[in-house]
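Secondary and tertiary structure notes
The chain contents come next:
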Amino acid sequence: MRDLTFYQERREALKKSYLPAGEAAQQAVQTAGVDHLALICSELERTIGFYAEVLGMRLTRIVQNRDEPTSTHIFFDMGGGNQLAFFDFPEKAPGRTVRGAGSMHHVALKTQPEQMRAILARLDERHISYSMHGTPDSGSIYVRDPDEILVELTTGY
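Note that this is a predicted model, so its numbers are computed, not measured.

Analysis parameters
Residues numbered from 1 in each chain as written. Predicted model: local features only at pLDDT ≥ 70, side-chain atom pairs only at ≥ 80, totals over all residues. Heavy atoms only, no water. Helix = DSSP H or I, 4+ residues; strand = E, 2+ residues; numbered from the N terminus. Buried < 20%, exposed > 50% of the residue type's maximum accessible area, 1.4 Å probe, protein only. Contact = heavy atoms within 4.5 Å. Pairing = 2+ DSSP bridges. Core = buried A, V, L, I, M, F, W, Y, C linked by side-chain atoms within 4.5 Å. Axes fitted to C-alpha atoms, helices over the stretch in contact; angles between N-to-C directions. 1 Å grid on protein atoms, 1.4 Å probe; cavity = no way out; pocket = protein on both sides within 12 Å on 5 of 7 lines; lining within 4 Å. Points joined across faces, edges and corners; volume = space filled by probe spheres on them. Nonpolar A, V, L, I, M, F, W, Y, C, P; charged D, E, K, R; others polar.

Considerations on the overall build of the chain
Counting secondary structure elements, the chain contains three helices and eight strands. Listing each helix as α and each strand as β along the chain from the N terminus yields α-β-α-β-β-β-β-α-β-β-β. Over its C-alpha atoms, taken along the principal directions, the chain stretches across nearly 45 × 40 × 40 Å. The burial tally for the chain puts 28% of its 157 residues in the buried class. Considering only contacts in the chain between residues 6 or more positions apart, those separated by 24 or more positions represent 48%.

Right, dumping it as structure tokens:
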């Protein structure tokens with residue numbers, strides 16, 4: 001492994017090259033935000049149970065996947081006008097994603113302290129393991145969903 005100063009210097013060079021300053025920082029973004037993130041699950045019922053019952057999201061839609069007629073596409077309201085969606089692919093082998101370029105590391109969701117406390121209570125009630133960094137007023141919970149997708153719930157930042 002390279003010396004850590006190499007990586008810090010690289011980050012500083014990236015900042016100088018790509019982070020806008022002054023008037024450029026005020027330019028309008030050319031997109032309007034997240035409509036939905038689409039992930040893949042192995043079992044719709046377990047996914048619905050986790051995201052609706054444990055994390056408290058509302059299931060809003062269940063439709064056929066346009067690209068694969070045996071696949072179902074479900075949507076959860078993440079809050080803020082954003083959706084978290086899942087596909088199942090029942091006719092495909094249940095292969096796991098390997099962490100690497102092109103894969104997603106985790107989904108980070110905003111919470112308020114009272115929401116964080118309620119989620120913590122549901123995780124504890126169901127004996128679902130998680131790691132807590134900080135406090136419910138200013139911190140993050142990291143938990144894995146039924147398909148090992150890493151979900152961060154964060155508040156106070």
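Describing the pairing of strand β7 (residues 138-144)
Side-chain positions along a regular strand alternate between the two faces of the sheet. Across six bridges, the pairing between strand β6 (residues 130-135) and β7 is antiparallel. Of the residues in β7, the one forming a bridge with Y130 is V143. Between β6 and β7, which pair antiparallel one after the other, the connecting turn spans two residues. Pairing analysis gives six bridges linking β7 to strand β8 (residues 150-155), with the strands arranged antiparallel. Bridge assignment links I141 to a residue of β8, and that residue is L153.

Digging into the nonpolar core
With 23 residues, the main nonpolar core has Y51, L55, F86, L109, V151 and L153 as its most contacted residues. For this core, the secondary-structure elements that each account for two or more residues are α2 (44-54), β3 (72-79), β4 (82-87), β5 (107-110), α3 (113-125), β7 and β8. Ignoring any residue separated from it by four or fewer positions in sequence, one finds F86 in contact with L39, I40, C41, T47, Y51, T72, H73, I74, F76, D145 and I149.

Structural notes on the sheet that holds β6
Backbone-to-backbone hydrogen bonds pair the strands of a sheet. The strands run either parallel or antiparallel. Ordered by their spatial adjacency, four strands build an open sheet running β5-β8-β7-β6, and the pairing between neighbours is mixed. Lying at the two open borders of the sheet, with one neighbouring strand each, are β5 and β6. Each adjacent strand pair in this sheet contributes to an overall mean axis angle of 15°, direction not counted. Each of β6, β7 and β8 touches α3; the most contacted strand, β7, lies at about 35° to it.

Let's talk about unusual backbone geometry
You will see that H127, though not glycine, has its phi angle at about 55°, which is positive. One can find H127 in the loop between α3 and β6. Judged by relative accessible area, which is 75%, H127 ranks as exposed. The phi angle at E148 is positive, at roughly 70°, despite the residue not being glycine. When you line up the elements, E148 lands in the loop between β7 and β8.

Overview of the layout of surface pockets
When its volume is computed, the second largest pocket comes out at roughly 230 Å³. For the second largest pocket, the lining is made up of 13 residues, of which L55, G56, M57, M78 and Q115 are closest to its centre. Those elements that provide at least two residues to the lining of the second largest pocket are β3, β5 and α3. The dominant element in the lining of the second largest pocket, judged by the number of residues it contributes, is β3, at three residues. Residue classes in the lining of the second largest pocket are distributed as six nonpolar, four polar and three charged.

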